[in-house]
Structures are given as C-alpha cells and as structure tokens.
Amino acid sequence: METIRQMRLENLKRHDFADNLIIFRRSIIYQTKEFFQNSTLHGVRYIAETGRPTIEKFMWFCFTTIGTVTALIIIMSLWEKFQTNPTITGLDTDFHNQNVIFPTTVVCPVQAWDHNKTYNYVYNTLANYEESLTQRIVPFLESLPNFNFENIHKTVQLSLAMTVEIDERTLRQWAFQAI
C-alpha cells in the first residue's frame, strides 16, 4: 500500500513537472514573440510576425544574424586593440580632401511676400479686375505665410470675408503664383 502511494506521488510529480515544462516553454515562446514584435532592432519584428511567408521570415533571420555576427566581430576586434594599446596619443591629420565646399547660406527676407505682385495677381486673375474683391483677398493671401496658432482667428475671418471659392488646389496655386 505504501509503495503504491509513493508511485502515485512520483507519477504526480512527473506529471506536474511535464505540465510545468510545457507552460514554461509556451511562456518563453510568447515572451520571445512579444520581444521580437516590440523590439526597435530593425528586422527582428519581421521574424515573429504572423502572416509573413516562411521564406521571408528566414531571410530576415539571416539578415539580423549576419548583422549581429558582424557587429560582434567588430566589437571583439576593437576590444582586442584596446587591450593591447588602451590610449591614443596621436592626432589624425590625414585629410585628403582640402577643397571642402562651405554650405550655402540663405537669408530669408523680412516679408515672405511681395505686396505689389500679390495685388496684381489677385486683381488680374482672382478678382476679375474688381477692386473691392481684391481688397478682401490680398490680406488673406498675405496672412498665409505667417499662419500660426496666434493669428489663426484673424486668418479665418479674412477667409470668410472673401467671396471666392477656396479649395486645396487653389490655395497651393496661389501660394506659388501670387506670393
């Protein structure tokens, strides 16, 4: 009777151990998948993503493995160099290209528009030679380059004062032709 109880107890322990092993394995797989999906390492997320073809997953696995191995080789080489000579006492003065071009500098104008050009464009095209309509459209167009949260109400009021239909294409066209 005693031996039967011991055998049952051992079977329960083995069964519990097997269940725990299965749970542990599933946990590792789940956590690895979560890590891959939320990782910022490029390519790792595509390895565990569901719905991707197996060949693509294998390709991303190869790419990330090659990248990791290459990085480790470079790190080991630098570590070995650091172990033999931990300090740098010289200055690198080997500059082959002496004719370095200075980048272009642009000075923005004080006003981002030309009042006369804007007025003439509106008068000739948008207002159909109507002076009163031109006087309502020009301030709106001149407020667009300085459009921000501080003057949004003013710009909206100016747009409401116009009687011309406004759409996205027209505004883009005005921005490049009138201002």
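Every chain is numbered independently, its residues counted from 1 as its sequence is written. Note on the predicted model: pLDDT of at least 70 is required for a residue's local features to be given, and 80 or more for side-chain atom pairs to be given and counted; whole-chain, interface and lining totals, by contrast, use all residues. Side-chain measures here rest on the full set of heavy atoms in the structure, leaving out hydrogens and waters.

Defined as follows: UniProt positions are given in the numbering used here, feature names are shortened, and annotations may be inferred rather than shown by experiment.
The chain has a UniProt comment under Sequence similarities (unreviewed entry) that states "Belongs to the amiloride-sensitive sodium channel (TC 1.A.6) family." Check the Subcellular location (unreviewed entry) section of the UniProt entry for the chain; it says "Membrane".

1. Some thoughts on the packing of helix H5 (residues 131-143) against helix H6 (residues 152-161)
Note the threshold: Axis definition: a line fitted to C-alpha atoms, over the contacting stretch in the case of helices. Angles run 0 to 180 degrees between N-to-C directions. Secondary structure elements follow DSSP: runs of H or I no shorter than four residues count as helices, runs of E no shorter than two count as strands, and numbering proceeds from the N terminus. Note on terminology: angles under 35 degrees are roughly parallel, angles over 145 are roughly antiparallel, angles of 65 to 115 are roughly perpendicular, and the others are oblique. Rotating anticlockwise by less than a right angle from the far helix to the near helix defines a left-handed crossing, while the corresponding clockwise rotation defines a right-handed one. Contacts were defined at the residue level, with two residues in contact if any of their heavy atoms lie within 4.5 Å. Amino acid classes used here: Ala, Val, Leu, Ile, Met, Phe, Trp, Tyr, Cys and Pro are nonpolar; Asp, Glu, Lys and Arg are charged; the rest, including Gly, are polar.
Across the interface, H5 lies against H6 with an axial gap of 9 Å and an inter-helix angle of 150°. The pairing of H5 with H6 is recorded here as roughly antiparallel in orientation. In the packing of H5 onto H6, the handedness of the crossing is left-handed. On H6, the residues touching Arg136, Pro139, Phe140 and Ser143 of H5 are Thr155, Leu158, Ser159 and Ala161. Here the residues of the contact of H5 with H6 are counted per class, giving 4 nonpolar, 3 polar and 1 charged.

2. Structural notes on H5
An α-helical turn contains 3.6 residues, so any two residues separated by three or four positions project in the same direction. Spelled out, the test is: What a helix should span is 1.5 Å times the count of its residues minus one. The buried label goes to any residue with under 20% of its type's maximum accessible area, the exposed label to any with over 50%, and the partly exposed label to all in between, with areas taken from a 1.4 Å probe on protein chains only.
With 13 residues, H5 should reach 18 Å at 1.5 Å per residue; the first-to-last C-alpha distance of 19 Å fits that figure. Every buried residue of H5 is listed here: Leu133, Thr134, Ile137, Val138, Phe140, Leu141, Glu142 and Ser143.

3. What about a nonpolar patch on the surface?
Convention followed: A patch is a set of surface residues, each over 30% in relative accessible area and not in a salt bridge, joined within 9 Å for like charges and within 5 Å for the nonpolar side chains Val, Leu, Ile, Met, Phe, Trp and Tyr. With residues, only the protein chains shown are counted as cover, and all accessible areas are computed by Shrake-Rupley using a 1.4 Å probe. For salt bridges, the criterion is a side-chain nitrogen of Lys or Arg within 4 Å of an Asp or Glu carboxyl oxygen.
Taken together, Phe17, Leu21, Phe24 and Ile28 make up a surface patch of nonpolar side chains, about 440 Å² in accessible area. Along the chain, Leu21 falls in helix H1 (residues 2-38).

4. Regarding the pattern of salt bridges
Taken as a whole, this structure holds 2 salt bridges when the rule is applied. For Glu49, the salt bridge is made with Arg52, and the minimal N-O distance between the two is 2.4 Å. Classification of Glu49 by relative accessible area gives partly exposed; the value is 26%. Relative accessible area serves as the criterion here: at 25%, Arg52 is assigned to the partly exposed category. With its nearest N and O atoms 2.5 Å apart, the salt bridge here joins Arg52 to Glu56. Taking relative accessible area as the criterion, Glu56 reaches 22% and is therefore assigned partly exposed. If you follow the salt bridges from partner to partner, you end up with Glu49, Arg52 and Glu56 in one network.

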